[in-house]
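Inside the fold
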Amino acid sequence: MPTPNPAALEFLTTRRSRPAKTLTTPVPSRTELLPILSAAARTPDHGKLEPWRFIVLESAALTRLSDLARERGQDLGLDVEKIEKGVSQFDNADLVVAVVSAPKPSEKIPEIEQVYSAGAVCLAMLNAALATGWGANWLSGWASHDREFVARGLGLEPHESIAGFIHIGTETSAPPDRPRPDLDAITTWVTE
Ligand SMILES: Cc1cc2nc3c(=O)[nH]c(=O)nc-3n(C[C@H](O)[C@H](O)[C@H](O)COP(=O)(O)O)c2cc1C
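Residues numbered from 1 in each chain as written. Predicted model: local features only at pLDDT ≥ 70, side-chain atom pairs only at ≥ 80, totals over all residues. Heavy atoms only, no water.

The next point concerns the pattern of salt bridges. Opposite charge on two side chains permits pairing when their charged atoms draw close. For the structure on display, the rule yields nine salt bridges. Between Arg72 and Asp146 there is a salt bridge, with the nearest N and O atoms lying 2.6 Å from each other. Of this pair, Arg72 sits in helix α3 (residues 59-75) while Asp146 sits in the loop between β4 (135-139) and α6 (147-154), placing them 74 residues apart in sequence. There is no split in this pair, since Arg72 and Asp146 are both buried. (Salt bridge = Lys/Arg side-chain N within 4 Å of Asp/Glu carboxyl O. Helix = DSSP H or I, 4+ residues; strand = E, 2+ residues; numbered from the N terminus. Buried < 20%, exposed > 50% of the residue type's maximum accessible area, 1.4 Å probe, protein only.)

Counting residues in each nonpolar core, the largest one holds 21 residues, and the members touching the most others are Leu57, Phe90, Phe149, Leu154, Ile162 and Phe165. Counting residues per element, the ones that place at least two in this core are β2 (52-57), α3, α4 (80-91), β3 (96-101), α6 and β5 (161-171). Of all the elements, α3 adds the most residues to this core, at four residues. (Core = buried A, V, L, I, M, F, W, Y, C linked by side-chain atoms within 4.5 Å.)

Now for the site of the ligand. Looking at the ligand, the residues that line it are Arg15, Arg16, Ser17, Asn137, Trp138, Leu139, Ser140, Gly141, Arg178 and Arg180. Take Asn137: an N or O atom from its side chain is 2.9 Å from an oxygen atom of the ligand. For the ligand, whose unbound accessible area comes to 640 Å², protein coverage reaches 59%. In terms of residue class, the shell around the ligand is built from two nonpolar, four polar and four charged. (Near = heavy atom within 4 Å. Polar contact = N/O pair within 3.5 Å; in protein donor to acceptor, adjacent residues only side chain to side chain. Areas by Shrake-Rupley, 256 points an atom, 1.4 Å probe, with all protein chains shown as cover. Nonpolar A, V, L, I, M, F, W, Y, C, P; charged D, E, K, R; others polar.)

The tally for this structure, following the rule as stated, stands at one cavity of 30 Å³ or more. In this structure, the largest cavity occupies an estimated 60 Å³ of space. The set of elements that each furnish at least two residues to the lining of the largest cavity consists of β1 (23-24) and β5. In terms of residues, the lining of the largest cavity owes the most to one element, β5, which gives three residues. Classifying every residue of the lining of the largest cavity gives six nonpolar, four polar and one charged. (1 Å grid on protein atoms, 1.4 Å probe; cavity = no way out; pocket = protein on both sides within 12 Å on 5 of 7 lines; lining within 4 Å. Points joined across faces, edges and corners; volume = space filled by probe spheres on them.)

A few words now on unusual backbone geometry. Cis geometry marks the peptide bond from Thr25 to Pro26, where omega comes out at 0°. With respect to the element layout, Pro26 can be found in the loop between β1 and α2 (30-40). Positive phi, close to 50°, is recorded for Lys48, a residue that is not glycine. Topologically, Lys48 is positioned in the loop between α2 and β2.

As a volume, the largest pocket reaches approximately 360 Å³. Lining the largest pocket we find 16 residues, and of these Ala20, Lys85, Ser88, Gln89 and Leu139 sit closest to its centre. Breaking the lining of the largest pocket down by element, the ones donating at least two residues are α4 and β4. If you tally residues by element for the lining of the largest pocket, the top one is α4, at five residues. In terms of residue class, the lining of the largest pocket is built from five nonpolar, eight polar and three charged. Of the pockets and cavities examined, the second largest pocket occupies roughly 230 Å³. Counting residues per element, the ones that place at least two in the lining of the second largest pocket are α5 (111-131) and β4. Residues belonging to the lining of the second largest pocket are distributed by class as follows: six nonpolar, two polar and six charged.

Set out below in structure tokens:
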């Protein structure tokens, strides 16, 4: 039997994100970030394909991406509000880890399982950052789904996609919790 870990359970049942726009400096140093990346890389992965990778975006890279988001938003003809939302996601950030879903060719492991694993990596990274005492938030945004943005800005290959941008920093205010799902509504108990 695994050893009970009530502190871990308490964390998992009370954890919540800190909105990216409320995060500020300091952000984790490279040394401080490594255990967070390491925890995320310990995610279940059917077939040990490692169908994901990380891109750590530091300050200058985030400025470059905010400029690219503005350019792409204008080229795509998005409305001003939507463009500015995409721009500010990078402009207001100090440290973001892009989790890239990078499915591998496999006859055994369906691609969707590899994509699920990339999503699980995002949650593991978010939780590791929160457990270390950093504020963190899992975002996507329109730019994450724009092929040209992710290819030019982040060097993604055509088969790769962004599973999430994990913003990590110092919290300025803890948000109130949000309503959580009604377990009775989402759970079926099968007894026979
Ligand atoms: C795949 C994914 C993408 C998300 N993208 C955004 C986003 O672009 N903007 C946003 O405000 N919230 C986004 N969210 C929601 C935030 O992560 C939100 O803070 C989160 O649902 C709060 O969850 P928690 O309180 O359980 O930590 C996204 C969530 C997921 C799972």
